[in-house]
Amino acid sequence: LDAEDARIVDANPAAGSLLGVARDALLGVDALSFVPDAARDGWWVELDAISEGAEPRRFATRVRDATGRELPVDCSVTRFATRERTLALVVARPA
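Okay, so let's go over this structure. This structure is a prediction, so every number in the text was calculated from the model and none was measured. (Residues numbered from 1 in each chain as written. Predicted model: local features only at pLDDT ≥ 70, side-chain atom pairs only at ≥ 80, totals over all residues. Heavy atoms only, no water.)

### Re the pattern of salt bridges
Counted under the stated rule, the structure contains seven salt bridges. Ionic pairing is found between Arg23 and Asp10, a salt bridge with its closest N-O pair at 2.6 Å. Placement of the pair is Arg23 in helix 2 (residues 23–26) and Asp10 in the segment before helix 1 (13–19), with a sequence separation of 13 residues. Look at Arg23 and you get partly exposed, because its relative accessible area is 26%. Assessed through its relative accessible area of 51%, Asp10 is described here as exposed. (Salt bridge = Lys/Arg side-chain N within 4 Å of Asp/Glu carboxyl O. Helix = DSSP H or I, 4+ residues; strand = E, 2+ residues; numbered from the N terminus. Buried < 20%, exposed > 50% of the residue type's maximum accessible area, 1.4 Å probe, protein only.)

Here you go:
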């Protein structure tokens, strides 16, 4: 994810499977569109921490798949910085 605006810049097939969306259809999408409103603030806290150079982090949250079903997930997020931007490598696994 782009840590500044939460846009998906890359995704693996497992992300598409978890969310019920083709992998290619995820690219460029706001990742928070898959996050229930009540969980969004927590995602921004994690993305802000990564943007500021925090060590890798873990957190439990919820996502919403393409059908609207909420799923509990365990996430790890790691900072990956390029010259142009800071990316957040997020790995989400069903809880």
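Picking up where we left off.
### Comments concerning the packing of aromatic side chains
A complete count under the given rule lists one aromatic pair for this structure. For the ring pair Trp43 and Phe59, a centre distance of 5.3 Å and an interplane angle of 90° mean the geometry is edge-to-face. Here Trp43 is found in helix 3 (residues 37–51), whereas its partner Phe59 is found in strand 1 (residues 57–64), with 16 residues between them in sequence. For Trp43, a relative accessible area of 6% translates into the label buried. (Phe/Tyr/Trp six-rings, centres within 6.5 Å; stacked < 30°, edge-to-face > 60°.)

### Description of the environment of Leu47
Along the polypeptide, Leu47 turns up in helix 3. For the pair Leu47 and Val77, spaced 30 residues apart in the sequence, the C-alpha separation amounts to 8.3 Å. What Leu47 contacts, discounting residues up to four positions off in sequence, is Leu1, Ala3, Ala6 and Ala88. (Contact = heavy atoms within 4.5 Å.)

### A short note on unusual backbone geometry
One non-glycine residue, Ala6, adopts positive backbone phi at about 65°. Looking at the element boundaries, Ala6 is found in the segment before helix 1.

That is the geometry; function is a separate question.
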